[in-house]
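Notes for the structure review
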There are 2 protein chains.
Amino acid sequence: MTGADRPGEFELIARVFAPLAGEGAFGLVDDAAVLTPPPGEDLVLTKDAVVAGVHFFPDDPWDAVAQKALRVNLSDLAAKGARPLGYLLGLGLPDGWRTEDAEALGRGLALDQDAYGLRLLGGDTVRSPERLMLSVTVFGAVPAGRMARRGGATPRDVIVVTGTIGDAALGLKLRLDAGLSGRLGLADADRDHLLDRYLLPRPRSAVAGAVLAHAGGAMDVSDGLVGDLAKMAAASGVAIRLDASRVPLSDAARAAIAADPALLRTALGGGDDYEIAVALDEDDCDAFVDACRDAGVAATPIGRAEAGRGVTVVGTDGAVMDLGAGSYAHF
Amino acid sequence: MTGADRPGEFELIARVFAPLAGEGAFGLVDDAAVLTPPPGEDLVLTKDAVVAGVHFFPDDPWDAVAQKALRVNLSDLAAKGARPLGYLLGLGLPDGWRTEDAEALGRGLALDQDAYGLRLLGGDTVRSPERLMLSVTVFGAVPAGRMARRGGATPRDVIVVTGTIGDAALGLKLRLDAGLSGRLGLADADRDHLLDRYLLPRPRSAVAGAVLAHAGGAMDVSDGLVGDLAKMAAASGVAIRLDASRVPLSDAARAAIAADPALLRTALGGGDDYEIAVALDEDDCDAFVDACRDAGVAATPIGRAEAGRGVTVVGTDGAVMDLGAGSYAHF
């Protein structure tokens, strides 16, 4: 399968990855990298892998795959109030990979390094015969001891979420069922919006400072809003009451749900939102929403923490909805 | 394929991995971990992935696979003079994985956490349908600005290598060819020694302090001695002259090579040694060898750096050997 014109492992590293390497990476010609947080700051570490056929479609363009691999990690950093510093890339290349795909992957990484302000520190390239796989470790920094925690919600806190919920889960449904958009009567622009939100997460890095300044508890919403709020509730030792009618929806998601109201469950329980949910004191709520707006991101109060356990979802009719597990698990 | 008795993703994390989590991991119930190097120290980062059928055999026991995944990274840290702090585990579980395998994996990690003094900081567990895959990021610490560099060799330096070379490459040959041991007339103990060196690397963490104190240039030997020295030579802008007759061999490797002299090339060019090669001033050589011996590790001068480029291997007969590329590449 090795084309004569395809670079070998070390040539690939030299040609595609070394130009992306920054301070501490030693041009990718050493065994290890060096990274030291600025004085008075902690390093924040996060590691998420994406696998072809599991987290993205095998025919997705490799630049988008590279961006998704970085962005799912950047979303975790943003939710912790951390600013990005750098990353390590573990790359599993499938047999039969093409030079132009590897170059596209490098272009995707380069774009997002610029967009989010981080540098390549190192990594490892291996064979992964059947499937493209990217295992990314991202490093960020927060003032010492200040990382926003998932378990910081307290009773009476307001629950606020950034952006809109459900677009990516609806986009995945459209991707898996080519006729669905037509049956729902979606406009092309709405269909494309939902598909794009699945393909390319938009991590809310711009609001990391607002999270740090105001949030009591915070997490990224990636496995489904309801299930993720259940994790926040469990980590915090509180209950959360979610008002479904207040969950922010894009026009496209609203159109899809208007055509098929059952899709509200997809929006609330599906994954891949890469938004941020925070719990904060009512007195901090306006300041947080304002700070997010100043950063170009909408933020919407959607519920309350209270004494107790678990998540209760109150539907648009005022009745409690049963959404089942409501969180994505791999197995 | 999901057995009724098999834990789900979050239960697996809670049951097998959370008990391994240390300071900064928040019990694996947050989006990210926190790590801050001790005052005056840099973090050293390394990331190596291992894939079933590529880096280990699909029927290797999962405790050994977990240990291999940690140890190939610990070897990089040791070569940089760094002491281990912690790690992130990216785990790709194949369809049909069994509970007892996951538990064995946890036991292997626990053993090596104790043996090498590091803690689990976090990670990610995903489906990897065809193959078990572990992508590990390991963190260590060195005094600020002191990480031992691959590119630090200078002309007239002595090249010293720890332990013995070629055991794992010969072990891999034996593993792939069940009849080979018999044809070579190897004693069972010699055969088992070579097989074990392939299955389980022995990273030279004990000599990290000696590397830091004495080495001008240092790297781990993992892709084959000759090819790895070529990388050190290139990174340092020197040539390296390797005396094959001085390369340290185990009794088992010596027996194999005595039976088939062509296997010397396997020993010198094969991979998976996980020894450390250093370049140091002649005046530092005895102190380094002594410090290694005090740490329980043999260290042997095997050649010299000199002005020029590339690696020259002088054979036992005094003639220059041609070993080809002499370094493992994935493609």
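Residues numbered from 1 in each chain as written. Chains lettered and ligands numbered in written order. Predicted model: local features only at pLDDT ≥ 70, side-chain atom pairs only at ≥ 80, totals over all residues. Heavy atoms only, no water.

Turning to the UniProt feature "binding site: Mg(2+) 5" (unreviewed entry) in chain A, a few remarks are in order. The residues that UniProt annotates with the feature "binding site: Mg(2+) 5" (unreviewed entry) are A:Asp223. Positionally, A:Asp223 belongs in the loop between β7 (217-221) and α8 (225-236). (UniProt positions renumbered as here; feature names shortened; annotations may be inferred. Helix = DSSP H or I, 4+ residues; strand = E, 2+ residues; numbered from the N terminus.)

So, about the nonpolar core. Ranked by internal contacts, the top residues of the largest apolar core, which has 42 residues, are A:Phe17, A:Tyr87, A:Leu89, A:Leu105, A:Leu109, A:Leu132 and A:Leu134. Breaking this core down by element, the ones donating at least two residues are α1 (9-17), β2 (41-51), α2 (62-79), β3 (83-93), α3 (99-116) and β5 (133-143) of chain A. Among the elements that line this core, the one with the most residues is α2(A), at eight residues. Of all hydrophobic cores here, the second largest spans 39 residues; its members include B:Ala52, B:Ala102, B:Leu105 and B:Leu134. (Core = buried A, V, L, I, M, F, W, Y, C linked by side-chain atoms within 4.5 Å. Buried < 20%, exposed > 50% of the residue type's maximum accessible area, 1.4 Å probe, protein only.)

Attention now goes to the domain arrangement of chain A. The figure often quoted for interface size is the accessible area lost as the parts come together. Residue and element names in this part refer to chain A. By the assigned domains, chain A splits into domain 1 (9-143) and domain 2 (158-321). The straight-line distance from the C-alpha centre of domain 1 to that of domain 2 is 27 Å. Facing the 21 residues of domain 1 at the interface are 20 residues of domain 2. Where domain 1 abuts domain 2, roughly 1,700 Å² becomes buried across the two surfaces, and 63% of that area is made up of carbon and sulfur atoms. Of the charged contacts, one joins Arg175 and Asp60 as a salt bridge, the two residues approaching to 2.7 Å between their closest N and O atoms. Linking domain 1 to domain 2 there are seven residue pairs in polar contact (both at pLDDT 80 or more). Breaking the side of domain 1 that touches domain 2 down by element, the ones donating at least two residues are α2 and β5. Sorting elements by how many residues they give to the side of domain 1 that touches domain 2 places α2 first, with ten residues. (Domains from an automatic or database assignment. Contact = heavy atoms within 4.5 Å. Buried area = accessible area lost by both parts, 1.4 Å probe. Salt bridge = Lys/Arg side-chain N within 4 Å of Asp/Glu carboxyl O. Polar contact = N/O pair within 3.5 Å; in protein donor to acceptor, adjacent residues only side chain to side chain.)

Counting residues at the interface gives 62 residues for chain A and 63 residues for chain B. Here chain A packs against chain B, burying approximately 5,000 Å² in sum over the two surfaces, 61% of which is carbon and sulfur. Taken together, chain A and chain B are joined by ten salt bridges. Put simply, B:Asp31 and A:Lys80 hold a salt bridge, and the shortest N to O gap is 2.9 Å. On the surface where chain A and chain B come into contact, there are 30 residue pairs in polar contact (both at pLDDT 80 or more). Put simply, the parts of the chain that give the side of chain A that touches chain B at least two residues each are α1, β1 (33-35), β2, β3, β4 (119-127), β5 and β7 of chain A. Element by element, the count of residues in the side of chain A that touches chain B is highest for β2(A), at ten residues.

What follows deals with the relation of the copies chain A and chain B. The transform that puts chain A on chain B rotates by 180 degrees and translates by 0.0 Å along the axis, for an RMSD of 0.0 Å. When the rotation and shift are considered jointly, the pair of chain copies conforms to a two-fold rotation axis. The position closest to the rotation axis in chain A is occupied by the C-alpha of A:Ser135, lying 3.4 Å away. Most of the interface of chain A is mirrored in chain B, where 100% of its interface residues again form contacts. (Least-squares fit on C-alpha atoms with pLDDT ≥ 70 in both.)

Before going further, it helps to spend a moment on the packing of aromatic side chains. By the definition in use, this model includes three aromatic pairs over all chains. With centroids separated by 6.0 Å and ring planes inclined at 75 degrees, the aromatic side chains of A:Phe57 and A:Tyr198 adopt a geometry described as edge-to-face. Here A:Phe57, found in the loop between β2 and α2, pairs with A:Tyr198, found in helix α6 (residues 188-199); they are 141 residues apart in sequence, far enough to count as distant. Here the guanidinium or amino end of A:Arg175 rests over the ring plane of A:Phe57, the centre of that ring lying 4.0 Å away. It is B:Lys68 that lies over the ring of B:Tyr198; its NZ or CZ is 3.9 Å from the centre. (Phe/Tyr/Trp six-rings, centres within 6.5 Å; stacked < 30°, edge-to-face > 60°. Lys NZ or Arg CZ within 6 Å of the ring centre and 35° of its normal.)

Listed under "binding site: Mg(2+) 4" (unreviewed entry) in the UniProt record, and renumbered for this structure, are A:Asp31, A:Thr46 and A:Asp76. These residues run over 46 residues, and the two farthest C-alpha atoms among them are 27.1 Å apart, placing them at more than one spot. Within the fold, A:Thr46 resides in strand β2. Beyond its immediate chain neighbours, meaning those up to four positions away, A:Thr46 contacts A:Asn73, A:Asp76, A:Leu77, A:Val136, A:Thr137, A:Val138, B:Asp31 and B:Ala32. Polar side-chain contacts of A:Thr46 include one of 3.2 Å to the side chain of A:Asp76. In this structure, A:Asp76 sits in helix α2. If near-sequence neighbours (up to four positions away) are discounted, A:Asp76 is found in contact with A:Thr46, A:Asp48, A:Asp220 and B:Asp31.

Quick look at α3(A) now. Residue and element names in this part refer to chain A. With 18 residues, α3 extends 26 Å from end C-alpha to end C-alpha; this agrees with the ideal 26 Å at 1.5 Å per step. By the burial criterion, the buried members of α3 are Thr99, Asp101, Ala102, Ala104, Leu105, Gly106, Gly108, Leu109, Asp112, Gln113 and Tyr116. The inward-facing, buried residues of α3 abut α1, α2, β3, β4 and β5. Just beyond α3, the residue with positive phi is Gly117, at close to 70 degrees. (Expected span 1.5 Å × (residues − 1).)

Our next topic: the sheet that holds strand β11 (residues 310-314) of chain B. Residues and elements named next belong to chain B. Taken in spatial order, the seven strands make up an open sheet running β7-β9-β6-β10-β8-β11-β12, and their pairing is mixed. On the outer flanks of this sheet lie β7 (217-221) and β12 (320-321), each paired with one strand and no other. Looking at chain direction, strand β8 (residues 239-243) and strand β10 (residues 299-306) are connected through four bridges and run antiparallel. Bridge assignment links Ile240 to a residue of β10, and that residue is Ala305. Across the sheet, helix α8 (residues 225-236) touches β6 (158-162), β7, β8, β9 (275-280), β10 and β11, and the angle it forms with β7 is around 150 degrees. (Pairing = 2+ DSSP bridges. Axes fitted to C-alpha atoms, helices over the stretch in contact; angles between N-to-C directions.)

What follows concerns the environment of A:Leu20. All names here are of chain A. As for its position among the elements, Leu20 is in the loop between α1 and β1. Relative accessible area serves as the criterion here: at 11%, Leu20 is assigned to the buried category. Placed ten residues apart in sequence, Leu20 and Phe10 show a C-alpha to C-alpha distance of 15 Å. Setting aside its immediate chain neighbours within four residues, Leu20 contacts Tyr87, Gly106, Leu109, Ala110, Gln113, Arg119 and Leu120.

Here we take up the packing of helix α2 (residues 62-79) of chain B against helix α3 (residues 99-116) of chain B. When two helices pack together, their arrangement is given by the angle between the helix axes and by the axis-to-axis distance. Residue and element names in this part refer to chain B. Running from amino to carboxyl end, α2 crosses α3 at an angle of 40 degrees, the nearest separation of the two axes being 6 Å. Here α2 and α3 pass one another in a crossing that is right-handed. Residues Trp62, Asp63, Ala66, Gln67, Leu70, Arg71 and Leu74 of α2 form the contact with α3, whose own contacting residues are Asp101, Ala102, Ala104, Leu105, Gly108, Leu109, Leu111, Asp112 and Tyr116. By residue class, the composition of the contact of α2 with α3 is ten nonpolar, two polar and four charged. (Left-handed = near helix turned anticlockwise from the far one by under 90°. Nonpolar A, V, L, I, M, F, W, Y, C, P; charged D, E, K, R; others polar.)

Residue and element names in this part refer to chain B. A large share of β7 lies buried, amounting to five of its five residues. By the bridge criterion, five bridges tie β7 to β9 in an arrangement that is antiparallel. Paired with Asp220 across the strands is Ile276, a residue of β9.

Another aspect to go through is α8(B). Residues and elements named next belong to chain B. When the terminal C-alpha atoms of α8 are compared, their 16 Å separation across twelve residues agrees well with the 16 Å that a helix rising 1.5 Å per residue should span. Those residues of α8 that fall on the buried side of the exposure criterion are Leu225, Val226, Gly227, Asp228, Leu229, Lys231, Met232, Ala233 and Ser236. Just past α8, the residue Gly237 takes up positive phi, approximately 70 degrees.

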